[in-house]
Amino acid sequence: MNNKYIHFIDQIAFGGAQTHLLTILKERKAAHPDETHILAVLFDNAGMKDLFEDIDVSVHCMGLREVFVSRKYKKVYDAISSFIKQHSPQIVETHLTWSRLFANTAAYYCKIPIRVGFEHGDIYLKSFPIRIANFISQFYFQSIIVCSSSLKKWAHNTHKISNRKLHVQHNCIDLNKFTTTPGKKLDDIINVNLHDFNFITVGTLGKGVNKRVDISIKALQLLKRNGITANLIICGDGEQRTDLEILSDELGVKDHVYFLGLRNDVEKILPHCDAFVHAAPYEPFGIVCLEAMASGLPVIIPNSGGIAEIITNLENGLLYEPLNPEDLADKMHLLISDAELYNSIKKSELQHVKNYSVSKYVETLYDTFYNN
């Protein structure tokens, strides 16, 4: 008998958790087209609805935002319970904080036999009530999947979730979506005449989740001060953008920093750049780093957070001291000046990133947690 799954998620605007879910469901549906997968969205239905429906995953927007904001939590819980009873799944899977707390609890009392949660790293949600709710909710899960050992440690220390309930599975990507290119033609992709070494960074420019792109801009200025010309391509947008544009101007690198805004073609841009830089001091994992590696870009990342767990310095990437633009500039210079090291890292990471393919991830996930 093919199982029926309900996947609960807070919202499906474009984001890491949503992209991760879409990637694994696309892989699973391709291998098991007869399975039933339902996506229940607690709040908003914007952004990625069509992408899920294109792979035959039905999307139901529950429209609970106003009820939730008004703190009518019993109504939220009752609506989720009713939805679960209506569809009678064998498996309930929950993503993001509110889905994990409300939907998994409802699934427990609806006697759903398999209940698996995903902690993607909502590290800004750590008030006392949230910590109490997370601590209690762990007893309603069979397993909680975390994307790194770093996040497992955080969830254990912050929410006191038992290590026995937390299981590490590093995030994955669809390797077929990313490729290298022998000829760099960034000028054609973004319609800008670029001839220097091009670094790229990808991520939100919002203040809630601060990717600290200012550190990368400061590092670029230090390179220029030492007579090294390079460009920084920024894919992303948010309320910090104006401040970052002002900073680029003040530091004298305005003509070398390119803000592309939100892009839905990052996989086409990446292989035409030369290297990837990341400056957030802590990331639970960081899927875009895998995407850059699969595109043949040596990566430079802070020596912190989950993504650092899969990087061996000078072998399949470069690590630098978090929030240290001087150290970042040194690593950027190293890639520019040492062609042998550049090519060695590129070759090594292209092999290493195969360990994080979606096919391996899905095989492990479903065989371990869903096929008992």
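For the structure, see preceding data.
Residues numbered from 1 in each chain as written. Predicted model: local features only at pLDDT ≥ 70, side-chain atom pairs only at ≥ 80, totals over all residues. Heavy atoms only, no water.

A.B. asks: So what exactly am I meant to see when it comes to the overall build of the protein here?
C.D. replies: When you go through the protein residue by residue, the secondary structure sums to 15 helices and 13 strands. Relative to the globule expectation of 21 Å for 372 residues, the C-alpha radius of gyration of the protein, 21 Å, shows essentially globular dimensions. With the principal axes as the frame, the protein shows a C-alpha extent of 65 × 40 × 35 Å. Within the protein, the 42 negative side-chain charges are centred at a point lying 8 Å from the centre of the 39 positive side-chain charges. (Helix = DSSP H or I, 4+ residues; strand = E, 2+ residues; numbered from the N terminus. Rg over C-alpha atoms; globule rule 2.2 N^0.38 Å. Lys, Arg positive; Asp, Glu negative; His and termini not counted. Charge placed at Lys NZ, Arg CZ, Asp CG, Glu CD.)

A.B. asks: Explain the sheet that holds strand 2 (residues 36–41) here, please?
C.D. replies: Remark on secondary structure: sheet strands pair via backbone hydrogen bonds, oriented parallel or antiparallel. With respect to topology, seven strands assemble into an open sheet ordered 3-2-1-4-5-6-7, the strand pairing being parallel. This sheet does not close on itself; its edge strands, each paired only once, are strand 3 (58–61) and strand 7 (166–168). Strand after strand, the sheet turns through a mean of 25 degrees between neighbouring axes, direction not considered. Running over the sheet, helix 7 (residues 149–159) touches strand 5 (114–119), strand 6 (143–146) and strand 7 and is turned about 165 degrees from strand 7. (Pairing = 2+ DSSP bridges. Axes fitted to C-alpha atoms, helices over the stretch in contact; angles between N-to-C directions. Contact = heavy atoms within 4.5 Å.)

A.B. asks: Would you explain helix 10 (residues 241–250) in this entry?
C.D. replies: Owing to its 3.6 residues per turn, the α-helix brings residues three or four apart onto one side. Taken together, the buried positions of helix 10 are occupied by Leu-244, Leu-247 and Ser-248. Buried residues along helix 10 cover an arc of 100 degrees about the axis, so they all sit on one side. Buried residues along helix 10 sit in contact with helix 9 (213–225) and strand 10 (257–261). At the exit of helix 10 stands Gly-252, carrying a positive phi of roughly 80 degrees. (Buried < 20%, exposed > 50% of the residue type's maximum accessible area, 1.4 Å probe, protein only. Arc of directions from axis to C-beta.)

A.B. asks: Would you take a moment to explain unusual backbone geometry for this structure?
C.D. replies: Generally, phi is negative for residues other than glycine and the peptide bonds are trans, each holding for most cases. In this structure, Asp-56 is a non-glycine residue whose phi angle is positive, near 65 degrees. Along the chain, the position of Asp-56 falls in the loop between helix 2 (49–53) and strand 3. Phi angles above zero are rare outside glycine, and Leu-314 is one such case at about 70 degrees. As for its placement among the helices and strands, Leu-314 is situated in the loop between strand 12 (299–302) and strand 13 (318–320).

A.B. asks: Whenever I open this one, a nonpolar patch on the surface confuses me. Can you help?
C.D. replies: On the surface, Phe-128, Ile-132, Phe-135, Ile-136 and Phe-139 cluster together to form a nonpolar patch covering roughly 490 Å² of accessible area. Here Ile-132 lies in helix 6 (residues 128–137). (Patch = residues over 30% accessible without salt bridge, like charges linked within 9 Å, V, L, I, M, F, W, Y side chains within 5 Å. Areas by Shrake-Rupley, 256 points an atom, 1.4 Å probe, with all protein chains shown as cover. Salt bridge = Lys/Arg side-chain N within 4 Å of Asp/Glu carboxyl O.)

A.B. asks: I keep staring at the pairing of strand 10 and nothing clicks. Help me out?
C.D. replies: A regular strand places its side chains so that they alternate between the two faces of the sheet. Among the five residues of strand 10, five are classified as buried, and the element is accordingly described as predominantly covered. Where burial is concerned, the two faces of strand 10 agree: the one with Val-257, Phe-259 and Gly-261 and the one with Tyr-258 and Leu-260 are both buried. Between the parallel pair strand 9 (residues 230–235) and strand 10, the chain is carried across by helix 10, and the sense of this crossover is right-handed. (Right-handed = clockwise from strand over helix to strand, strands pointing away.)

A.B. asks: For this particular structure, what's the right way to read the pairing of strand 8 (residues 197–202)?
C.D. replies: Judged by how many residues are buried, strand 8 sits mostly within the fold: six of six residues are covered. Every second residue of strand 8 is oriented toward a common face, with Phe-197, Phe-199 and Thr-201 on one face and Asn-198, Ile-200 and Val-202 on the other, all of them buried. The pairing of strand 8 with strand 9 spans six bridges and is parallel. Looking at the pairing, Phe-199 lines up with Leu-232 of strand 9. Where strand 8 and strand 11 (residues 275–277) come together, two bridges link them in parallel fashion. Considered in strand 11, the bridge of Ile-200 is made with Phe-276.

A.B. asks: Teacher, can you tell me more about the nonpolar core here?
C.D. replies: Where a protein is soluble and globular, its nonpolar side chains tend to be buried together. If you look at the biggest cluster of nonpolar residues, it comprises 43 residues, and the most contacted ones within it are Ile-200, Ile-233, Phe-276, Leu-290 and Val-299. Residues within four places of Phe-276 in sequence aside, it is in contact with Ile-200, Thr-201, Val-202, Val-288, Cys-289, Ala-292, Leu-297, Pro-298, Val-299 and Ile-300. By size, the runner-up hydrophobic cluster in this structure holds 32 residues, among which are Leu-205, Val-257, Val-277 and Ile-345. (Core = buried A, V, L, I, M, F, W, Y, C linked by side-chain atoms within 4.5 Å.)

A.B. asks: When you look at the side chain of Ser-148 in this model, what are you seeing that I'm missing?
C.D. replies: The topology assignment puts Ser-148 in the loop between strand 6 and helix 7. A distance of 3.0 Å separates the side chain of Ser-148 from the backbone nitrogen of Leu-151, its partner in a polar contact. Those residues in contact with Ser-148 that lie beyond four places of it in its chain are Val-168, His-170, Pro-284, Phe-285, Gly-306 and Glu-309. (Polar contact = N/O pair within 3.5 Å; in protein donor to acceptor, adjacent residues only side chain to side chain.)

A.B. asks: What should I look at first to understand helix 4 (residues 73–87) in this one?
C.D. replies: In this model, helix 4 (15 residues) spans 22 Å end to end at C-alpha, consistent with the 21 Å of a helix rising 1.5 Å per residue. Those residues of helix 4 that sit buried are Val-76, Ile-80, Ser-81, Phe-83, Ile-84 and His-87. For helix 4, the angular spread of the buried residues around the axis is 160 degrees, confining them to a single face. More than 90 degrees from the buried face of helix 4, the exposed residues found are Lys-74, Lys-75, Lys-85 and Gln-86. (Expected span 1.5 Å × (residues − 1).)

A.B. asks: Can you help me understand the sheet that holds strand 13 in this one?
C.D. replies: The six strands lie next to each other as 10-9-8-11-12-13, forming an open sheet whose pairing is parallel. Two strands lie at the open edges of the sheet, namely strand 10 and strand 13, each paired on one side alone. Within the sheet, the average angular offset between the axes of one strand and its neighbour, ignoring direction, is 25 degrees. Against the sheet, helix 12 (residues 287–294) touches strand 8, strand 11 and strand 12, its axis set at about 160 degrees to strand 12. Set on the sheet, helix 13 (residues 325–337) makes contact with strand 8, strand 9, strand 11, strand 12 and strand 13; between it and strand 13 the angle comes to about 160 degrees.

A.B. asks: It is not clear to me how the state of the cysteines should be interpreted in this structure. Could you clarify?
C.D. replies: Here a disulfide denotes one covalent bond, and it connects the sulfur atoms of two cysteines. Under the defined criterion, the tally for this structure stands at zero disulfides. The thiol of Cys-110 is unpaired, and the distance to the nearest cysteine sulfur, on Cys-61, comes to 20 Å. Considering cysteine sulfurs only, Cys-235 is the nearest to Cys-273, which forms no disulfide, with 7.2 Å between them. The exposure class of Cys-273 is buried, given its relative accessible area of 0%. (Disulfide = S-S within 2.5 Å.)

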